[in-house]
Amino acid sequence: MAEPGIQSDRSVSQLRCIGCGQIALPDRFRCEHCRDLLEIIFPSWEDRGPGGLSSVALRNLWRDRRSSLDPADQSGVWRFREILPEIAKEQIITIREGNTPVYQLPHCATSAGVKQLYAKHQGMNPTGSFKDTGMTVAASFARQAGYKWVACASTGNTSASMAAYAARGGLYSLVLIPDGKISWSKLSQSLDCGAITCQLKTDFDGCVRVLNEVVQRMPVYLLNSVNPYRVEGQKTAAFELLEHFGWEPPDHIIVPGGNLANSSAIGKALREMKQLGFISRLPKISVIQAEGANPLVRTIRETGGENLVPVHADTMATAIRIGNPASWKKALRVIRESEGTVEQVSEIEIALAKAEIGAEGIGCEPASAVTLAGLKKLVMKGFVKPNESVVLVLTGHVLKDSEYTLKFHRGDLFAEAPFEKESHVLKPQQRAPLSLEPNVEAVIELLRSAEK
Ligand code: F0G
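The structure reproduced in this document is the subject of the present report. (Residues numbered from 1 in each chain as written. Predicted model: local features only at pLDDT ≥ 70, side-chain atom pairs only at ≥ 80, totals over all residues. Heavy atoms only, no water.)

### Focus on the site of the ligand
Surveying the vicinity of the ligand reveals 19 residues, the closest of which are S154, T155, N259, L260 and T395. At 2.8 Å, a backbone N or O of T158 approaches an oxygen atom of the ligand. Within the backbone of A261, one N or O atom sits 3.1 Å away from an oxygen atom of the ligand. Taking 480 Å² as the accessible area of the ligand by itself, protein coverage stands at 98%. Within the residue set of the shell around the ligand, elements represented by two or more residues are α6 (157–169) and α10 (261–275). Partitioning the shell around the ligand into residue classes produces seven nonpolar, ten polar and two charged. (Near = heavy atom within 4 Å. Polar contact = N/O pair within 3.5 Å; in protein donor to acceptor, adjacent residues only side chain to side chain. Areas by Shrake-Rupley, 256 points an atom, 1.4 Å probe, with all protein chains shown as cover. Helix = DSSP H or I, 4+ residues; strand = E, 2+ residues; numbered from the N terminus. Nonpolar A, V, L, I, M, F, W, Y, C, P; charged D, E, K, R; others polar.)

### As for the pairing of strand β3 (residues 38–41)
The alternating pattern of β3 places L38 and I40 on one face and E39 and I41 on the opposite face, and all of these are buried. Alignment of strand β1 (residues 14–17) against β3, held across four bridges, turns out to be antiparallel. In the strand pairing of β3, R16 is matched with E39. (Buried < 20%, exposed > 50% of the residue type's maximum accessible area, 1.4 Å probe, protein only. Pairing = 2+ DSSP bridges.)

### Digging into the nonpolar core
Among the nonpolar cores identified, the biggest contains 78 residues, and Y221, L270 and M273 are the most heavily contacted of them. Sort the elements by how many residues they give to this core and helix α5 (residues 131–144) lands first, with six residues. What M273 contacts, discounting residues up to four positions off in sequence, is A238, F239, L242, W247, F278 and I279. Of all hydrophobic cores here, the second largest spans 40 residues; its members include A119, L392, F408 and A417. (Core = buried A, V, L, I, M, F, W, Y, C linked by side-chain atoms within 4.5 Å. Contact = heavy atoms within 4.5 Å.)

### A look at the packing of helix α11 (residues 295–303) against helix α12 (residues 328–338)
Relative to each other, α11 and α12 sit at 60°, their axes nearing to 11 Å. With respect to their mutual orientation, α11 and α12 come out oblique. Between α11 and α12 lies a crossing whose hand is right-handed. Facing α11, whose interface residues are L296, T299 and I300, α12 presents W328, L332 and I335. (Axes fitted to C-alpha atoms, helices over the stretch in contact; angles between N-to-C directions. Parallel < 35°, antiparallel > 145°, perpendicular 65-115°, else oblique. Left-handed = near helix turned anticlockwise from the far one by under 90°.)

### Remarks on helix α14 (residues 366–380)
End to end, α14 covers 22 Å across 15 residues, agreeing with the expected 21 Å (1.5 Å per residue, within 8%). Remark: G382 follows α14 within two positions and exhibits a positive phi of approximately 85°. (Expected span 1.5 Å × (residues − 1).)

In structure tokens form, the structure reads like this:
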């Protein structure tokens with residue numbers, strides 16, 4: 001049950017239905033007329049630009065804020081506040097999210113067959129995933145709107161992030177996660193931050209169904225990615241990326257696809273940057289899914305994007321184990337208008353790509369590694385040309401799923417899996433821990449043989 005009485009006419013932003021274009025109240029998630037998702041629009045930009053400033057003035061302001069000591073300026077999200085919905089400064093809940101690094105990946109570039117490959121590492125956020133950039137905005141909105149409780153269904157990262165922001169903001173939080181299907185480290189994060197954490201005997205899509213009913217009946221604010229304020233915060237990763245490249249867009253941005261909000265957010269950011277004159281062309285935005293959790297790939301290939309093809313999802317990249325993605329229409333629009341594409345990758349391809357990113361000294365969780373695995377395929381198909389610049393959006397930190405990494409290096413990841421036989425291609429990347437006697441000669445001997 002939404003809290004009544006929140007005014008929309010005073011704010012700089014409005015919620016609009018992506019289907020029929022009707023304006024909605026600021027704390028709704030779906031259109032009351034056609035049930036489609038909502039997105040935030042900024043009508044005042046038409047006549048005076050964000051904050052009444054030119055794109056040059058905004059670029060300077062956003063850069064200068066990095067040296068300020070104000071918590072909102074130190075946040076890589078709130079330093080871009082002119083392109084975000086208005087939140088009173090005292091309501092902002094920030095853990096200094098954003099300002100994440102862009103790394104070059106020379107070895108992965110060679111392996112994929114491109115010259116310029118970069119990673120925007122969103123796993124370097126406070127709770128270890130890109131979710132923090134959206135959560136700071138949506139949790140702050142929840143507090144400003146007077147909610148006491150926030151809730152989400154999650155494959156683990158949203159819940160870790162929500163639990164942290166709720167705790168920092170003095171809100172109670174409820175987490176619904178699929179029993180046994182998320183990594184232990186992510187589960188431990190929501191416990192650590194004091195969230196009420198429920199493991200439901202279903203998958204992510206089942207958790208979403210239950211939670212949607214709960215929020216209808218209780219005054220609990222939904223922080224899943226259908227929440228349009230989350231999408232706004234997640235836009236800032238693209239603003240930062242373009243700032244890093246001196247506002248010269250790369251040729252391709254490659255994003256993992258789960259519930260499909262992040263690709264939507266990055267696409268929205270680039271659309272707005274073009275509208276506001278920051279950039280003159282859009283990079284191609286492509287979305288990669290795991291073969292076992294490929295509803296968007298199937299939707300495009302089998303129906304030309306007309307109808308969603310939900311699937312029963314299964315992948316070891318548990319963060320994107322999603323069969324019925326809520327934001328598929330938004331993502332489809334982004335892919336179409338940027339002339340990007342979709343691709344799917346196998347479990348073995350994901351494992352190999354993750355090890356290669358790890359071997360660059362950066363690391364990421366399995367769901368993020370689909371981007372490199374997908375890039376390899378897009379180069380082979382000629383969609384990405386060897387001389388084009390490519391950015392992979394890495395969404396989660398390597399410590400988010402250390403069990404996967406350990407199993408990979410020990411050679412156990414695919415034991416008894418249907419593709420166990422094919423997994424021998426991973427051998428050259430595997431570095432199992434070695435057991436030795438506490439003996440100097442034994443260690444030196446090992447070093448010598450490793451050098452060879
Ligand atoms: N990468 C990671 C590490 C994720 O945790 C997720 C989604 C995605 C990619 C996909 O992003 O849903 O915007 O397409 N995780 C959600 C969660 C669903 O509950 O943590 P998306």
